[in-house]
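Observations on chain architecture
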Amino acid sequence: MTLEGVPGEGDRSRRPSRNADLHSPLRYPGGKRQLVPFFVDLLKLNGQSPLPVFVEPFAGGAAVSLHLLAAGLVDSVVLADLDPLVYAFWHQACFHTEQLVQDIAAANVTLDEWHRLRANPGRTLREKAYACLFLNRTSYSGILQGRAGPIGGQKQQSAYKIDCRFYKDEIIHRLRQIGHLAADGRVAAVRPTSVEVTVEWVESKFANSERLYYFDPPFWEKGERLYRKAFGRTQHESLAALLTAMDAPWVLSYDHHEEIVELYRASVQDGSQGTSDSAGGPRLHKTDLIYCNRHKGRGATELIITNLAQLPSEHVSTA
Ligand SMILES: C[S@@+](CC[C@H](N)C(=O)[O-])C[C@H]1O[C@@H](n2cnc3c(N)ncnc32)[C@H](O)[C@@H]1O
């Protein structure tokens, strides 16, 4: 079906060319689009462009994966997220794009629809994918977690109403870009699994030299207020244990907290880091991100931890 005013699937002029850009359809809290220049230079520096497989086990809005994929800097991506709504969204966006396009085109962007979906996001992947995208684009700061209210408030008295971020044409354009990439075989897998299960699966499928993991876990601070899947101190510690024992190349980003630096330093001192030639023990770095909102630019320091030997020095300093 071709929707009125929206180019159909057969319209090749909208197919993303290599070097094209691709923004996530999700407005994701903690989205890492600001790290794209860092990853572009990182891949070039490590002689890994195009890289066969880029793996995001905490996919969220998958901002980095989408850019690298559309720009041709990686051949394929694996996206995984433990949140069933986020998983359903990526599954439908990649493999049943036109169903999701139809649902978005037909969406009634009202407070009633927001309440209906918040109370019951549905049972099928199609229903959940639609609920994920709808609630993400109509809830405050894109937050799917239960406490976030609708944009414009329950009384819709703000100048910004519930539909002010629901640009149907643009969302549909981005969905179709994703669908085209997936149809070209560039999305190796979308998985509904925890980080540990994703890593186990990827390890069984791809060789060390073929892949780079990018881990972007929930924030150390406030993570539980932003995401529907809890990730407390125990999970942060388990992640540190998983990563510091890992041979395959990986990059981890975090909000900057001394406890995280200490956690990874302690693992290095324990001698539990990986042993391969291509990737050694964790190295700690930091980089500055600028988050922008309607009122002002807000600086934040991002912690980058990696077992890669070389990092683009213009983007980072040692933590
Ligand atoms: C910081 S966000 C990722 C943001 C993403 N990098 C982006 O650019 O939009 C973290 C994500 O991890 C997911 N998550 C939480 N616990 C998880 C777990 N144990 N395994 C996999 N994903 C998890 C959350 O649902 C959330 O989508």
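Heads up: the structure comes first, above all this text.
Let us look at the structure shown here. (Residues numbered from 1 in each chain as written. Predicted model: local features only at pLDDT ≥ 70, side-chain atom pairs only at ≥ 80, totals over all residues. Heavy atoms only, no water.)

**Side note on helix H2 (residues 63-70)**
With respect to burial, H2 is a largely interior element, 8 of its 8 residues being buried. In the segment just after H2, Gly72 is the residue with positive phi, at about 75°. (Buried < 20%, exposed > 50% of the residue type's maximum accessible area, 1.4 Å probe, protein only. Helix = DSSP H or I, 4+ residues; strand = E, 2+ residues; numbered from the N terminus.)

**So, the pattern of salt bridges**
Within this structure, the stated rule accounts for 11 salt bridges. Arg33 serves as the salt-bridge partner of Asp21, at 2.6 Å between the closest nitrogen and oxygen. Taken together, the residues Asp21 in the segment before helix H1 (36-45) and Arg33 in the segment before H1 connect sequence positions 12 residues apart. For Asp21, a relative accessible area of 33% puts it in the partly exposed group. Judged by its relative accessible area of 28%, Arg33 falls in the partly exposed class. With a closest N to O distance of 2.9 Å, Arg126 and Asp103 form a salt bridge. Of this pair, Arg126 sits in helix H6 (residues 125-138) while Asp103 sits in helix H4 (residues 97-105), and the two are 23 residues apart along the sequence. (Salt bridge = Lys/Arg side-chain N within 4 Å of Asp/Glu carboxyl O.)

**A closer look at the packing of aromatic side chains**
Scanning the entire structure with this criterion turns up 12 aromatic pairs. When the ring of Phe89 is compared with that of Trp90, the centres are 4.8 Å apart and the planes differ by 75°; the resulting orientation is edge-to-face. Overall, Phe89 belongs to the buried group, its relative accessible area being 0%. An aromatic cluster of three or more residues is present, and its members are Phe38, Phe39, Phe54 and Tyr214. (Phe/Tyr/Trp six-rings, centres within 6.5 Å; stacked < 30°, edge-to-face > 60°.)

**Looking at the site of the ligand**
Near the ligand there are 24 residues, and of these Tyr28, Lys32, Gly61, Asp81 and Asp216 occur at the shortest range. With respect to the ligand, the side chain of Tyr28 contributes an N or O atom lying 2.6 Å from an oxygen atom. Between the ligand and Lys32 there is a distance of 2.9 Å, counted from an oxygen atom to a backbone nitrogen or oxygen. Against a free-state accessible area of 610 Å², the protein chains account for coverage of 98% of the ligand. Here the residues of the shell around the ligand are counted per class, giving 12 nonpolar, 6 polar and 6 charged. (Near = heavy atom within 4 Å. Polar contact = N/O pair within 3.5 Å; in protein donor to acceptor, adjacent residues only side chain to side chain. Areas by Shrake-Rupley, 256 points an atom, 1.4 Å probe, with all protein chains shown as cover. Nonpolar A, V, L, I, M, F, W, Y, C, P; charged D, E, K, R; others polar.)

**Observations regarding the packing of helix H5 (residues 111-119) against H6**
Running from amino to carboxyl end, H5 crosses H6 at an angle of 125°, the nearest separation of the two axes being 10 Å. Judged on the interaxial angle alone, H6 and H5 are oblique. Once H5 is placed against H6, the crossing between them reads as left-handed. Here Glu113, Trp114, Arg116, Leu117 and Arg118 of H5 come into contact with H6, specifically with Tyr130, Ala131, Phe134, Leu135 and Thr138. In terms of residue class, the contact of H5 with H6 is made up of 6 nonpolar, 1 polar and 3 charged. (Axes fitted to C-alpha atoms, helices over the stretch in contact; angles between N-to-C directions. Parallel < 35°, antiparallel > 145°, perpendicular 65-115°, else oblique. Left-handed = near helix turned anticlockwise from the far one by under 90°. Contact = heavy atoms within 4.5 Å.)

**Considering the packing of helix H8 (residues 195-205) against helix H10 (residues 233-244)**
Axis separation between H8 and H10 bottoms out at 11 Å; the angle between their running directions is 15°. With respect to H10, the element H8 is oriented roughly parallel. Crossing handedness for the pair H8 and H10: left-handed. Between H8 and H10, the contacting residues are Val195, Glu196 and Val199 on the first element and Ser238, Leu239 and Leu242 on the second. Partitioned by chemical class, the residues of the contact of H8 with H10 number 4 nonpolar, 1 polar and 1 charged.

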